[in-house]
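Each chain, letter by letter, is given below.
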Amino acid sequence: KTHVWDVANRPWLLPFIAGQATGSVQKFLESLISFASEQDPDKRPSFEELVKRVDAFAKARSRRRLSNS
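Note that residues are indexed from 1 along each chain, following the sequence as it is written. Local features in this predicted model are restricted to residues of pLDDT 70 or higher, and side-chain atom pairs are both shown and tallied only at a pLDDT of 80 or more, whereas totals for entire chains, interfaces and linings draw on every residue. Just so you know, side-chain values use all the structure's heavy atoms and leave hydrogens and water out.

Student: What's the story with the environment of serine 24 in this structure? I'm lost.
Tutor: Secondary-structure assignment places serine 24 in helix α3 (residues 23-36). The spatial distance from the C-alpha of serine 24 to the C-alpha of arginine 61 is 9.5 Å, given a sequence separation of 37 residues. Segments assigned H or I by DSSP are reported as helices when at least four residues long, segments assigned E as strands when at least two residues long, and all are numbered from the N terminus.

Student: What is the right way to read the environment of alanine 21 from this model?
Tutor: Tracing the sequence through the fold places alanine 21 in the loop between α2 (14-20) and α3. In this description, contact between two residues means that some pair of their heavy atoms is separated by no more than 4.5 Å. Not counting the four nearest positions on each side in its chain, alanine 21 is found in contact with Gln26 and Leu29.

Student: Before we go on, may I ask you to explain the nonpolar core in this structure?
Tutor: Soluble globular proteins: nonpolar side chains tend toward being buried together. Membership of the largest hydrophobic core is limited to twelve residues, which are Val4, Ala8, Leu14, Ala18, Ala21, Phe28, Leu29, Leu32, Ile33, Ala36, Leu50 and Phe57. Those elements that place two or more of their residues in this core are α1 (2-9), α2, α3 and α4 (47-67). Every residue in contact with phenylalanine 28, bar those within four places of it in the chain, is listed here: Arg53, Val54 and Phe57. Throughout this description, the term nonpolar core refers to a set of buried Ala, Val, Leu, Ile, Met, Phe, Trp, Tyr and Cys residues connected via side-chain atoms within 4.5 Å. Relative accessible area decides the class of each residue, using a 1.4 Å probe on protein chains only: under 20% of the type maximum gives buried, over 50% gives exposed, and in between gives partly exposed.

Student: Explain the packing of aromatic side chains here, please?
Tutor: Under the pairing criterion, centres of Phe, Tyr and Trp rings, with the six-membered ring standing for Trp, must be within 6.5 Å; the plane angle then separates stacked pairs below 30 degrees from edge-to-face pairs above 60, leaving the rest tilted. Scanning the entire structure with this criterion turns up one aromatic pair. On the basis of an interplanar angle of 5° and a centroid distance of 4.1 Å, the ring pair of phenylalanine 28 and phenylalanine 57 is categorised as stacked. Residue phenylalanine 28 is found in helix α3, and its partner phenylalanine 57 is found in helix α4; the two are separated by 29 residues along the sequence. Of the two residues, phenylalanine 28 and phenylalanine 57, neither departs from the other in class, the shared state being buried.

Student: Just checking my understanding: could you explain the packing of α3 against α4 for this structure?
Tutor: The description of two packed helices rests on the angle between their axes and on the distance between the axes. Interaxial angle, 0 to 180 degrees, is taken between N-to-C directions of lines fitted to C-alpha atoms, where a helix line uses only the stretch in contact. For the pair α3 and α4, the least separation of the axes is 11 Å and the interaxial angle reads 165°. Relative to α4, α3 is oriented roughly antiparallel. Here the hand of the crossing between α3 and α4 comes out right-handed. Across the interface between the two elements, Ser24, Val25, Phe28, Leu32, Phe35 and Ala36 from α3 touch Leu50, Arg53, Val54, Phe57 and Arg61 from α4. Taken together, the residues of the contact of α3 with α4 break down into eight nonpolar, one polar and two charged. By definition in this entry, angles of less than 35 degrees are roughly parallel, angles greater than 145 are roughly antiparallel, angles of 65 to 115 are roughly perpendicular, and the rest are oblique. By definition, turning the near helix anticlockwise from the far helix through less than a right angle yields a left-handed crossing, and turning it clockwise yields a right-handed one. For this classification, Asp, Glu, Lys and Arg are treated as charged, while Ala, Val, Leu, Ile, Met, Phe, Trp, Tyr, Cys and Pro are nonpolar and the rest, including Gly, are polar.

As structure tokens, this is what we get:
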């Protein structure tokens, strides 16, 4: 879970990507950073949990795009 914290707090990882994003993607990434930055390591997600959240967000976004077509 330490590595999850690193991904969320190294300026050249998630913070950089979030800074380049806009709208709902940026808000999602900022919430992910907050979740992964939890001070108590037991409350942080595992790397697998983090990836699952990203995957679920991407799938939901893709479905919304398809339904709007």
